[in-house]
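Single-letter residue listing:
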Amino acid sequence: MKIGLLTYYGDLNCGTNLQALASLKVLRKVYAGDKVEIIPIHGFIPPGKKPYLTSFTLKSLYNDLIRINKYNRFTEEQLNVKKDNIIKDIDKGLEFIKSLNYDKIFVGSDTLLELDRIHTDKKLSLYWLSKSIKAKKYLLSASAKNLSFEDLSEIQRKLALETINDFSALGVRDNNTKLLLSHLTQKERIKITPDPTFSLDIDNSLTEKYLKQKKIVIPKNSICFHTTKNDKNINVYVKELKKLGYSIFSLRPAYWADYILNDMSPLEQLGIYKYFSCVVTHRFHDSIFCIKNKTPFLLYSPQNFGVSSTGLSKFTELLQSFELEDLCYLHSINSNIISRIDKCIEGFNTLCDRISEKENSLKNEFIDFIKETKQ
C-alpha cells in the first residue's frame, strides 16, 4: 500500500517540521511494511529561509546560515524529501497529488485547512483535497486556524461539503476547526485529536552534543525568551531578571540576551527546553516542547494571533487541556512577567506528575487514532 502525508514542512519553523516528522514516524510504525512518504508539494511559496534581520550581528548572521543548512539537511534526512514541488495553481496541484496514486492520504497536522494563502473565494486550497482523488482520506489533527464557516463563500461551502464528506475519518486539532466542520458533516464524525508532536521521543544526546560543541554551559537559573520582532520593552524585564540573578537566553537575535541560540536544528531545539528555569514564548509548539521537557513556561498570543471570531484559540485550548491556563497564559507580553515567572516556576514544578500523565495520554490518543485508520 502507498500512503501519502500531506502536510506543511521545510520552512524554518521548528514546530512545523517536528509535527511533520512526528506524523511520519507514527504512520510508518503503524503501517510497517507499507510505503509511507510526505507528499512533496507546497501549495504556495514557503516562507523564505532567510536570516533574522532584527538585532542581527555578524555572528548571528553566520549562525543563521548554519541553522538554514541544518534545516535543509533535516528535510532530506529526517523527512526524506529530496525535491520540493511548489504548485500554486490549485487544480494543477490536485492533479499532481492524484498522479502519485496513493491508496491513503493523511492531511495534517498544522493549520492546513486555513485559506490565508489563497486569493479567491471560488476555490479551497489543495490541502482540502478533492473528491476526484480516489485515495482514502483522513484528517490528522488538522486545523483551520481562525477560519470560520461564515468566512466561506457559497462556492467554497459547496466544495467543502463535498470534500469533507469524502474523508473516511476527521481528526482535528482544535474546537474552532471542529465547529467549522460541524456545518459540513455530522458532529459525531469529528474527533479532537492531539498534536502529533506529543508522540515524539526526545533524544537529549543531540542537544548535549550541540551545547558541548558551542562550549555553552547553561546556568541553573536561566530564562529563555522567544519573542517577535515587534514585541516591546523586553529589555526592561530582562534588566530586572538579571538583577534577580537570572541568565537570559533568546531563540532569535536580541541585544539584551546573554546567549543567542539561533543555530539549532529542529531536533537540537526539541531538547534545549529542559535546561531553562522558565520559557517565555509566543509559539504554540514551544509550549508543547516545554511540557515534554517538564519546563515551566509562559505563553502569549501576539495581537490575538489565531483567535477565531468566536473567541476560540489553540493557545488557550492547549493550556486548558492541561489545566494550566491560569498559571501559564499571558494576555500580553507587556504584563508584569517578573511576578508571573516566579509564580509559574513554583506552580508548574508541583504539577509535573499530573502534566506527565496528561502528556502520555495525548501521545497515546494520537497513536490510537492512526491505528483506527487500519480497520
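Residues numbered from 1 in each chain as written. Predicted model: local features only at pLDDT ≥ 70, side-chain atom pairs only at ≥ 80, totals over all residues. Heavy atoms only, no water.

Caption draft 1: Local environment of the packing of helix 1 (residues 14-30) against helix 13 (residues 352-372). With their axes 10 Å apart at the nearest point, helix 1 and helix 13 run at an angle of 50 degrees to one another. Considering the angle they form, helix 1 stands oblique to helix 13. Pair helix 1 / helix 13 crosses with right-handed handedness. For the pair helix 1 and helix 13, contact is made by Ser23, Val26, Leu27 and Val30 and by Phe366, Ile367, Ile370 and Lys371, respectively. Looking at the contact of helix 1 with helix 13 residue by residue, the classes come out as six nonpolar, one polar and one charged. (Axes fitted to C-alpha atoms, helices over the stretch in contact; angles between N-to-C directions. Helix = DSSP H or I, 4+ residues; strand = E, 2+ residues; numbered from the N terminus. Parallel < 35°, antiparallel > 145°, perpendicular 65-115°, else oblique. Left-handed = near helix turned anticlockwise from the far one by under 90°. Contact = heavy atoms within 4.5 Å. Nonpolar A, V, L, I, M, F, W, Y, C, P; charged D, E, K, R; others polar.)

Caption draft 2: Summary view of the sheet that holds strand 8 (residues 247-250). Read from one edge to the other, the open sheet built from six strands follows the order 9-8-7-10-11-12, with strand pairing classed as parallel. Of all strands in the sheet, those bounded by a partner on one side alone are strand 9 (259-260) and strand 12 (329-330). Inspection of the sheet shows strand 10 (residues 278-281) paired to strand 11 (residues 297-300) by three bridges, in the parallel sense. Within strand 11, the residue paired with Val280 across the bridge is Leu298. Sheet strands touched by helix 12 (residues 337-349): strand 7 (222-226), strand 10, strand 11 and strand 12. Its angle to strand 11, the strand with the most contacts, is close to 125 degrees. (Pairing = 2+ DSSP bridges.)

Caption draft 3: Layout of the packing of helix 1 against helix 2 (residues 58-77). Between helix 1 and helix 2, whose axes approach to 11 Å, the crossing angle comes to 15 degrees. When the interaxial angle is binned, helix 1 and helix 2 end up roughly parallel. Seen along the crossing, helix 1 lies across helix 2 with a hand that is left-handed. Of the residues in helix 2, those touching helix 1 at Cys14, Asn17, Leu18 and Leu21 are Tyr71, Phe74 and Thr75.

Caption draft 4: Fine view of the nonpolar core. If you look at the biggest cluster of nonpolar residues, it comprises 87 residues, and the most contacted ones within it are Leu18, Phe225, Ile248, Leu261, Val280, Phe297 and Leu324. The dominant element in this core, judged by the number of residues it contributes, is helix 1, at nine residues. Residues contacting Val280, with those up to four places away along its chain left out, are Ile223, Cys224, Phe225, His226, Leu298, Tyr300, Leu330, Ile333 and Ile341. Counting residues in hydrophobic clusters, the runner-up holds 40 residues, among them Ile39, Trp128, Leu129 and Val172. (Core = buried A, V, L, I, M, F, W, Y, C linked by side-chain atoms within 4.5 Å. Buried < 20%, exposed > 50% of the residue type's maximum accessible area, 1.4 Å probe, protein only.)

Caption draft 5: Region of the structure containing the sheet that holds strand 5 (residues 169-172). One open sheet holds the six strands; their spatial order is 2-1-3-4-5-6, and the pairing between them is parallel. Looking along the sheet, the strands with just one partner apiece sit at the ends: strand 2 (35-38) and strand 6 (190-192). The sheet shows a mean angle of 20 degrees between the axes of neighbouring strands, taken without regard to direction. With three bridges joining them, strand 5 and strand 6 adopt parallel strand pairing. Paired with Val172 across the bridge in strand 6 is Ile192. Packing against the sheet, helix 5 (residues 175-182) makes contact with strand 4 (136-142), strand 5 and strand 6, and its axis sits at approximately 175 degrees to strand 6.

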